Amino acid sequence: MMKTRFFCGLLISTLGCGMASAERKATWRMAAWHETMLRFNETVPNASMLTYDSDIVKSFFVSKMVTSVDGASATDATDLVVEDFPGGIGADYMLGGAGIKAVFVPLMVGRDTAAKEGASLYRLESKKGRTLVVECGPGARAHNFVVAELVDQVQMRALDFNYSTNKIEVTVEGDFATLADPELPFVTVIRSSGRISKGTDSEKGSYVRIESDAGKLDVVVAYGPDVESAKKLTPADNDRALAAVMGYYSSLLESRIETPEENLDAAFRSAIYNLEYNYVAPYGWVECIGYWHAIWHQQHTRAAEWLGQTGRSRQCLMEQAKLIFPDGQIPNIHMNGKGFMAFGGTNQYFMWEVRQYLRFTRDVGFAKWIAPYLDRVLKGTMDRDDADGNLLFGWNLQIGNQEDFVATPHDGTSPTIEAINMMKTRAEVADVLGDAETAKLWRGRAALAQANLRDTLWMKDLGRFGFFVDPQGVLRPDGQYHTFLYPALWDIVDPIDQYTTVRHVRDRLYGEKGEVYCSNNFPEHYRGTWGMQAGCAQQPWGAWAFAKTGLRNEAYRPLKAAADWVMHENLRGSWPEVDDTFTPSYFSPPAGLYIASMVEAIFGLKPNLPEQQFEISPSFPDHWPSAKLTLPNHSAVYSREGNTIRYEVSGSGDNARIIRWKLPVCTIESFKIDGAFADFEIEPGVGYVELTAQAPASDKTSIEFAYNEIQALFDCPQSVAEGDEFEVTSEGVTINRIIDRSGILSSVECRASSVSGVISRHLLDDYLKYGSLGEMNFARRTVFLECTAPNGVEFIQPLDFAVLPRYEARLSGGEVLIRNNTQERLFGKAV
């Protein structure tokens, strides 16, 4: 249950109240603005202000903030509760017999200059007469723990207490103190209305001591290239500066979703301010303020566009392009603005970002500027990753999201699909520029690559692509989640094949809570970030692919799984990298993808301004009675009563509305656009039908329709042995024909209400060598029935079942046991 706490007059929504629960594991809470990061210890009420180093896992301490009350050390504090709020950190605790409230906020300075600058406000409140003391001092470099779980509670209580023992020059003049550390590339100034003095300790080093007995103590810390620059960053009115921060985040968080799932809404809210914390102008978004400080793949731009920040997307893309390497590779970016290469590179993400930005804006000037860079990126990708020129691509590491040590060493599915997308992006940019010749060239190459991919890597028997083909021509069958989701998501295959490739994910890479797993490539799948886990980054792709293939009751589930991790008692809105963690890392890539997939997959908003179209294709689960989306330039309001649905969508300008609504097999009783009856069509889908219509160009469209679901029942075996008889019966519909693309049936007879046949032999010959795991992974097959309901509605019904070896032998107690699978057929209803 959401509860509230008050910190220094600020109302903060949290997941906890009072003392931290027994489930919580203390680490730290964080907030950030541009290059300034704040950290507040959850074990001892001490805090740190940091800024980025050029090293990925290190940062500079600007100042540590060590608190005492009436001489009582922070290590004596009790009842400590530390919570995020959008824009800062709040703490509530007892120390020296007094109740203390603290607020720590990065101030909104530094983004409008190239200099390393920033500032923060640290505010303490207690009863008058209590002596509040804050000691401040820098500390050269800090290592941000990559795996904070290794830091035990004793270590946590010792963090940040000592200042630098280096030669630090401390000067005090009026209400200012200045700290100059020769190891730091900036100067720090501290301003306070409290009593300021210089402190020196043989163990702690030099520091600034600030005390007050007025019941309130403000400490402003600023850093810059010189003393005067830093002083100018300190506000004349602290209350006004704090109000500006709160007002900024209040405005930012007007963007929101409202659904029946509380954690979905809360995670959307936290994703917005997690992105803000990680944004560093002009380059883009840091991977996470918690421990991984570099500008990596910038898929965040898709969220920025929905949040009304298209300027950030444009600037980010242009900065990436300016840093392009001579070999046509788009770099990752260190915090000093220098490019570097890691993993497999970021070319595919860069092209994806360009396409989304142009679909969102139709920015012709940008298209003209970026086009030559796209040509260099394509050439660099083809030279490096398709050396033999067959339009099938290999990749170094991490073609998708967060499978850090998975490579595609030769011609592979996912790299080729990404290359196809890159070619299609170049064609779309050419369209925007009216360059028909270039558009034709790249669409032609994309079509050839797609045909080669199908010829080389499509596994007809399984109804999906393999991972890659090695140089000896051996097909490696089992890839990562994107091997099976991308073909459906990017229309590499038709709807029937989309179903079987996504079905493999649902069978083998899909958890009971809705989470999509990365792969089966590693045995230690329960731990780590290198390719086997269910990470936050995979879940948006699951949602997009499930929505694309008509799985309306499943599309939200991967996002719900991610939201439950994010809003867990330990994370409380701090986005993690993977599911099984308690470290509040403030990981930004999945936060951006979560926002985009929620808007596009669930609410179904898909602008394509170059085509002057705005697609509306939502995927709300049947049990949701309502949902609402509020964004700066778009909104959507959904409601459902029984089988009557109303949906009002605003935004994307005066463009034609293309409606594509996937529904259960049904008839439409009535259909209205903007209150008037309108034309529509019902198109057959695989396990669904799709209502399609076009609404007039407008910035606001209201859709209302009612439908009657058709009751179609199919009795199909859940498993059948090779060579055994296969029989399916139907009720309520007519079977027109069976579609068996995988060659599962050696013979078949199709009647109006039944299908019978024989399962082919030797279907599993290539897979039994993998043992029982291989049998599970490769035994699932699908045939399809083309059906017609009595009212003329057509649809395709998938029938999933496992094909088993006719006989299986295993050792048990020294004896060989033979299992006859022909005697163990399982049956079940499929709707």
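About the thresholds
- Residues numbered from 1 in each chain as written.
- Predicted model: local features only at pLDDT ≥ 70, side-chain atom pairs only at ≥ 80, totals over all residues.
- Heavy atoms only, no water.
- Buried < 20%, exposed > 50% of the residue type's maximum accessible area, 1.4 Å probe, protein only.
- Helix = DSSP H or I, 4+ residues; strand = E, 2+ residues; numbered from the N terminus.
- Pairing = 2+ DSSP bridges.
- Core = buried A, V, L, I, M, F, W, Y, C linked by side-chain atoms within 4.5 Å.
- Contact = heavy atoms within 4.5 Å.
- pLDDT = per-residue confidence, 0-100.
- 1 Å grid on protein atoms, 1.4 Å probe; cavity = no way out; pocket = protein on both sides within 12 Å on 5 of 7 lines; lining within 4 Å.
- Points joined across faces, edges and corners; volume = space filled by probe spheres on them.
- Nonpolar A, V, L, I, M, F, W, Y, C, P; charged D, E, K, R; others polar.
- Axes fitted to C-alpha atoms, helices over the stretch in contact; angles between N-to-C directions.

### Notes on the pairing of strand β45 (residues 754–759)
- Within β45, five of the six residues are buried, which leaves it mostly tucked inside the rest of the structure.
- Across five bridges, the pairing between strand β42 (residues 725–731) and β45 is antiparallel. Among the inter-strand pairings, Val728 is bridged to a residue of β45, identified as Val755.
- Here strand β44 (residues 745–750) runs beside β45; their pairing, made up of five bridges, is antiparallel. Residue pairing in the sheet places Ser747 in a bridge with Val758 of β45.
- Between the antiparallel neighbours β44 and β45 lie three residues.

### What to know about the nonpolar core
- Residues Val219, Phe268, Phe350, Trp541, Ile602, Phe603 and Tyr647 are the most contacted members of the largest nonpolar core, which totals 232 residues.
- Every residue in contact with Ile602, bar those within four places of it in the chain, is listed here: Ala555, Tyr556, Leu559, Ser597, Pro618, Ser619, Phe620 and Trp624.

### Some points on the confidence of the model for the protein chain
- Taken over all residues, the pLDDT of the protein chain has a mean of 90, while the share at 70 or more is 91%.
- Throughout residues 1–8 the model reports pLDDT below 50, and contacts reaching past four residues in sequence, or to other chains, amount to 37 contacts.
- Every residue in residues 11–22 scores below 50 in pLDDT, and together they form 34 contacts with partners more than four places removed in sequence or on other chains.

### Side note on the layout of surface pockets
- Here the largest pocket defines a volume of roughly 1,400 Å³.
- Forming the walls of the largest pocket are 49 residues, and the residues nearest its centre are Arg359, Asp491, Lys548, Lys606 and Glu615.
- For the lining of the largest pocket, the class distribution of residues is 21 nonpolar, seven polar and 21 charged.

### Here we look at the pairing of strand β11 (residues 118–125)
- The buried fraction of β11 amounts to seven of the eight residues, a majority that puts the element mostly inside the structure.
- Here strand β10 (residues 98–106) pairs with β11 via six bridges, running antiparallel. Paired with Ala102 across the bridge in β11 is Leu124.
- Sheet analysis places β11 next to strand β19 (residues 216–224), joined by eight bridges and oriented antiparallel. Each bridged residue has a counterpart across the sheet, and for Gly118 the counterpart in β19 is Tyr223.

### Examining the environment of Val280
- Relative to the helices and strands, Val280 is located in strand β21 (residues 279–280).
- For Val280, a relative accessible area of 3% gives the class buried.
- Linking Val280 and Leu631, residues 351 residues apart in sequence, is a C-alpha distance of 22 Å.
- Once residues within four sequence positions are removed from consideration, Val280 is found in contact with His34, Glu35, Tyr52, Val286 and Met335.

### Considerations on empty space enclosed by the protein
- Tallied over the entire structure, the rule returns six cavities of 30 Å³ or more.
- What the largest cavity holds in volume is close to 80 Å³.
- What lines the largest cavity is Arg552, Pro618, Ser619, Phe620, Asp622, Tyr638, Arg640, Ile645, Trp661, Lys662, Leu663 and Pro664.
- A per-element tally of the lining of the largest cavity places strand β36 (residues 644–663) first, with four residues.
- The residue makeup of the lining of the largest cavity, split by class, is seven nonpolar, one polar and four charged.

### Comments concerning unusual backbone geometry
- Pro282 follows Ala281 through a cis peptide bond whose omega is 0°.
- Its place among the elements puts Pro282 in the loop between β21 and β22 (284–288).
- One non-glycine residue, Asp79, lies in the positive phi region at around 55°.
- With respect to the helices, strands and loops of the structure, Asp79 is situated in strand β8 (residues 78–85).
- Although it is not a glycine, Phe343 sits at a positive phi angle of roughly 55°.

### Things to note about the sheet that holds strand β14 (residues 169–173)
- Strand order in the open sheet formed by eight strands is β8-β9-β10-β11-β19-β16-β15-β14, and the pairing between neighbours is antiparallel. Each having just a single partner strand, β8 and β14 make up the two edges of the open sheet. This sheet shows a mean twist of 15° between the axes of neighbouring strands, independent of strand direction.
- Each of β8, β10, β11 and β19 touches helix α3 (residues 238–252); the most contacted strand, β11, lies at about 110° to it.

### Focus: the environment of Lys548
- Within the secondary structure layout, Lys548 lies in helix α13 (residues 539–548).
- Assessed through its relative accessible area of 22%, Lys548 is described here as partly exposed.
- On a C-alpha basis, the gap between Lys548 and Glu403 in space is 23 Å, while along the polypeptide they are 145 residues apart.
- When neighbours within four sequence positions are excluded, Lys548 is seen to be in contact with Ala488, Leu489, Asp491, Gln498, Lys662 and Tyr688.

### Concerning helix α14 (residues 557–566)
- Here α14 lies mainly inside the structure; eight of its ten residues are buried.
- Along α14, the residues classified as buried are Pro558, Leu559, Lys560, Ala561, Ala562, Ala563, Trp565 and Val566.
- Lining the buried residues of α14 we find α4 (262–278), α13 and α15 (589–602).

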